[in-house]
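Coordinates in review
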Amino acid sequence: MALRVLAILMLMVFAGGAAEAAAPRRIVSINLCADQYLLALADRDQIAGLSQWARDPTMSYSYRKAAGYPLVVRSAEAILKLKPDLVLGAPLQGLDTRNMLRRFGLTVVDMGFVTTFDGIVAQTRQIAALIGHPERGEALIASMRARLAAIKPGPPRVAVHYQRQGFVTGSETLLDEIMRRVGLINLARKLGDTRIAHIDLETILAERPDLIIFTDRRLNANDWGVKLLNHPALAHAFRGRMVYLPDTLAICAGPSYPDAVEALSARVRAVTN
C-alpha cells in the first residue's frame, strides 16, 4: 500500500514538472486583445513581444502595462526575430504566413471572436492554461465576476451606440451585453440589427432613444465619418443625454470587460440623475 501511494506521489510530481516544462517561455502577441490577456496572466519574462498597438493610449486598454515590452508587426520575419514558442492572436495576413511559422516549430493560436462574458470566461481559461497559469485565470474570473455582481442596473432606457459614418452596434455584440448589464435597451434590437448596420441620422432622430452612446472621439473631427457625430441635429436632440465610453474599453472582449461595464454605468448615472 505504501509503495502504491509513493508511486502515485511520484507520478504527480512528474506530471506537474512536465506540465511546467511544457509552458511556453517566449510568447508573442499580434493582437490587441491578446495583449490584455498576456499582461494580466503571464509572467513578465514570458512575454517576448506585444502587438504594434499595445502602447497606443487611444486603442489599448493596457497601454501603461505595455511600457517596456518589445512591439511586433504582423509579419513572419518580425515574429521570427523574437524567437517565440507561442504566437497568440492569429490569424495573420494569410495561411502561407501561418504555415511558415509552423514550419519553424512555432505554435500559432487564434483566440476566436467573443461577444459575451461567458465567452470571456472560457477564453480566459483557455489562455491561462495555454501559458501555464490556470490558477491565475481562475483568480481573474473570480475578480471579474465579483465586480460585475456589484453593479446594479438602472431603470430601463433605450439607447443607441452611434459610430462613425452612421453605423450602429447591433444586438449580438459585446457592447450590447454591456449595455444590458447597466439596464439599457439597445435600439438596434427594435430595428432588427444583429451585428452592425448603417442607419441614417433621420431614423435615429425619429426613433427618439433616451440616450446616445459614442465611442469615437468626437472632438477635433478630421474626416467626414467622425464629423457626422458632431452634427447639430444630434447635439440638439440629445442635449444632456450623450454618453461617452472610451474606445479602449469597447474594442476588446477580455480583462477590460468589468471596467467597461463600470464606466458605462457611471456615465449613464451622470446624465440621468
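Above: the structure in question.
In this report, the structure presented in the accompanying data block is examined. (Residues numbered from 1 in each chain as written. Predicted model: local features only at pLDDT ≥ 70, side-chain atom pairs only at ≥ 80, totals over all residues. Heavy atoms only, no water.)

When the charged atoms of two side chains with opposite charge come close together, those side chains can pair. On inspection of all chains with the given rule, the structure shows 8 salt bridges. The partner of Glu262 in a salt bridge is Arg147, and the shortest N-O contact between them spans 2.7 Å. Here Glu262, found in helix α13 (residues 257-272), pairs with Arg147, found in helix α6 (residues 134-149); they are 115 residues apart in sequence, far enough to count as distant. Relative accessible area serves as the criterion here: at 32%, Glu262 is assigned to the partly exposed category. (Salt bridge = Lys/Arg side-chain N within 4 Å of Asp/Glu carboxyl O. Helix = DSSP H or I, 4+ residues; strand = E, 2+ residues; numbered from the N terminus. Buried < 20%, exposed > 50% of the residue type's maximum accessible area, 1.4 Å probe, protein only.)

What follows concerns the packing of α6 against α13. The interhelical angle for the contact between α6 and α13, taken along N-to-C directions, is 10°, at an axis separation of 9 Å. One element, α6, and the other, α13, form an angle in the roughly parallel class. Between α6, through Met144, Arg147 and Leu148, and α13, the contact on the second element is made entirely by Tyr257, Pro258, Asp259, Val261 and Glu262. Taken together, the residues of the contact of α6 with α13 sort by class into 5 nonpolar, no polar and 3 charged. (Axes fitted to C-alpha atoms, helices over the stretch in contact; angles between N-to-C directions. Parallel < 35°, antiparallel > 145°, perpendicular 65-115°, else oblique. Contact = heavy atoms within 4.5 Å. Nonpolar A, V, L, I, M, F, W, Y, C, P; charged D, E, K, R; others polar.)

With that settled, consider the packing of aromatic side chains. In the structure shown here, the tally under the stated rule is 1 aromatic pair. The ring of Tyr69 has Arg44 lying over it, and the distance from NZ or CZ to the ring centre is 4.3 Å. (Phe/Tyr/Trp six-rings, centres within 6.5 Å; stacked < 30°, edge-to-face > 60°. Lys NZ or Arg CZ within 6 Å of the ring centre and 35° of its normal.)

So, on to the pairing of strand β6 (residues 157-161). Judged by how many residues are buried, β6 sits mostly within the fold: 4 of 5 residues are covered. Sheet topology note: the β6/strand β8 (residues 184-186) ladder contains 3 bridges and is parallel. Directly across from Val158, in β8, lies its bridge partner Ile185. Taken together, the 3 bridges between β6 and strand β10 (residues 211-214) define a ladder with parallel strand orientation. Within β10, the position partnered with Ala159 by the bridge is Leu211. (Pairing = 2+ DSSP bridges.)

Assignment of secondary structure puts Asp176 in helix α7 (residues 174-181). For Asp176, a relative accessible area of 0% translates into the label buried. Within polar-contact distance, the side chain of Asp176 engages the side chain of Arg189 at 2.8 Å. Those residues within four positions of Asp176 in sequence are excluded, and the remaining contacts are Gly170, Ser171, Asn186 and Arg189. (Polar contact = N/O pair within 3.5 Å; in protein donor to acceptor, adjacent residues only side chain to side chain.)

Think of an α-helix as turning once every 3.6 residues; residues three or four places apart then point the same way. The end-to-end C-alpha distance of α13 is 23 Å, a good match for the 22 Å that 16 residues give at a rise of 1.5 Å each. Taken residue by residue, α13 has Tyr257, Pro258, Ala260, Val261, Ala263, Leu264, Ser265 and Val268 as its buried positions. (Expected span 1.5 Å × (residues − 1).)

Tallying each qualifying case throughout the model produces 1 disulfide. In this model Cys33 forms its disulfide with Cys252; the gap between the sulfur atoms is 2.1 Å. Negative torsions about the S-S bond denote left-handed disulfides, and the value of about -85° found for Cys33 with Cys252 makes this one left-handed. Here the residue Cys33 occupies a position in helix α2 (residues 32-41), and Cys252 occupies one in the loop between α12 (247-250) and α13, the gap between them amounting to 219 residues. No difference in accessibility class separates Cys33 from Cys252, as the two residues are buried. (Disulfide = S-S within 2.5 Å.)

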